[in-house]
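Chain residues, written in single-letter form:
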Amino acid sequence: MNIQLPRADVAERTLAIVGELNGLEGPLLPILHAVQDEFGYVPQEALPVIARELNLSRAEVYGVVTFYHDFREHAAGRHVLKLCRAEACQSMGGDRLAERAKALLGIDFHETTPDGAVTLEPVYCLGLCSCSPSAMLDGEVHARLDETELEALVAEARR
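Every chain begins its residue count from 1, and numbering advances along the sequence as written. The predicted nature of this model means local features are confined to residues of pLDDT at least 70 and side-chain atom pairs, given and counted, to a pLDDT of 80 or more, with totals for whole chains, interfaces and linings taken over all residues. Calculation of side-chain values draws on the structure's entire complement of heavy atoms; hydrogens and water are dropped beforehand.

This paragraph deals with the nonpolar core. Joining through side-chain atoms within 4.5 Å is the link that ties buried Ala, Val, Leu, Ile, Met, Phe, Trp, Tyr and Cys residues into a set, and such a set is a nonpolar core. Summary of the burial criterion: residues with accessible area below 20% of their type's maximum are buried, those above 50% are exposed, and those between are partly exposed, where the area comes from a 1.4 Å probe applied to protein chains only. Residues Leu28, Ile31, Leu32, Val35, Val42, Ile50 and Val61 are the most contacted members of the largest nonpolar core, which totals 21 residues. Helix and strand assignments come from DSSP, with helices taken as H or I runs of at least 4 residues and strands as E runs of at least 2, each series counted from the N terminus. Looking at this core, the elements with two or more residues in it are helix H1 (7-21), helix H2 (28-39), helix H3 (46-54) and helix H4 (58-67). The next biggest cluster of nonpolar side chains, apart from the first, holds 18 residues, and it includes Leu81, Leu83, Ile107 and Ala117.

At a closest axis distance of 12 Å, the pairing of H2 and H3 adopts a crossing angle of 150°. Here H2 is positioned roughly antiparallel relative to H3, judged by the angle of their axes. As H2 runs across H3, the sense of the crossing is right-handed. For the pair H2 and H3, contact is made by Leu28, Ile31, Leu32 and Val35 and by Ala46, Ile50 and Leu54, respectively. Three classes are used, and their members are as follows: Ala, Val, Leu, Ile, Met, Phe, Trp, Tyr, Cys and Pro are nonpolar, Asp, Glu, Lys and Arg are charged, and the others, Gly among them, are polar. Classifying every residue of the contact of H2 with H3 gives seven nonpolar, no polar and no charged. Only the stretch in contact is used when fitting a helix axis, every axis being a line fitted to C-alpha atoms; angles between N-to-C directions are given from 0 to 180 degrees. An angle below 35 degrees is read as roughly parallel, one above 145 as roughly antiparallel, one from 65 to 115 as roughly perpendicular, and any other as oblique. The crossing is said to be left-handed when, going from far helix to near helix, the turn is anticlockwise and less than a right angle, and right-handed when the turn is clockwise. Here, two residues are considered to be in contact whenever any of their heavy atoms come within 4.5 Å of each other.

With that settled, the discussion passes to the environment of Val10. Checked against the element boundaries, Val10 lands in helix H1. Spatially, the C-alpha atom of Val10 lies 8.5 Å from that of Phe39, the residues being 29 residues apart in sequence.

On to unusual backbone geometry. The step from Ser132 to Pro133 runs through a cis peptide bond, and the omega angle for that step is 0°. Counting through the fold element by element, Pro133 comes out in the loop between strand E3 (118-123) and strand E4 (135-137). The phi torsion at Asn55 lies on the positive side, around 55°, for a residue other than glycine. If you trace the backbone, Asn55 turns up in the loop between H3 and H4. Positive phi, normally seen in glycine, also occurs at His110, with a value near 70°. Structurally, the position occupied by His110 is in the loop between helix H5 (87-105) and strand E2 (111-112).

We now examine H4. Three or more residues of H4 are buried, namely Val61, Val64 and Val65. The buried residues of H4 all sit within an arc of 100° when viewed along its axis, so they share a single face. Of the exposed residues in H4, those oriented more than 90 degrees away from the buried face are Ala59 and Phe67. Next to the buried residues of H4 lie H2 and H3. To be clear, the arc concerns the directions from the helix axis to the C-beta atoms.

A few words now on the domain arrangement of the protein chain. Each domain's limits were defined by an automated method or a database of domain assignments. Domain boundaries in the protein chain define domain 1 (7-67) and domain 2 (79-158). The straight-line distance from the C-alpha centre of domain 1 to that of domain 2 is 29 Å.

Turning our attention to the packing of H2 against H4. Close contact between H2 and H4 brings their axes to 11 Å; oriented N to C, the two are set at 65°. Taken together, the axis directions place H2 and H4 in an arrangement best described as roughly perpendicular. Considering the relative orientation of H2 and H4, their crossing is right-handed. Residues Leu28, Leu29 and Leu32 of H2 pack against Val61, Val64 and Val65 of H4. Class assignment of the residues belonging to the contact of H2 with H4 gives a composition of six nonpolar, no polar and no charged.

Right under this line is the structure:
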């Protein structure tokens, strides 16, 4: 599910976002978040606009986009399921749950189901280590997951 917008629209909307936020101290991250909020991901066409307006190289902007896991280079599905991959969750069965989620959805991490319903992403800590394993579905955290609860989350996301 990748909706293509005309380059001029992306550039124009990105320029408006940069204009609103470039007065902030260290504006790159807030701008990238706003661009992703606008488009659902950070389009490649937005990078040169941001770089030019902030007097940065495209490589610097691209480096930030690819460094932070929350930024996407492609549109996500209607629902985003993030599974914790940190050590505490892995020690409590997180690997088994990750494999089960992949099997239920028929996709791997960083992929979206063919119907555009669910994107599966790894996350390297949700801050719920004492309640592991954990996941996040559309911004809502779920702790002490087992296979039954994971199956219910996947079923909810597939609706």
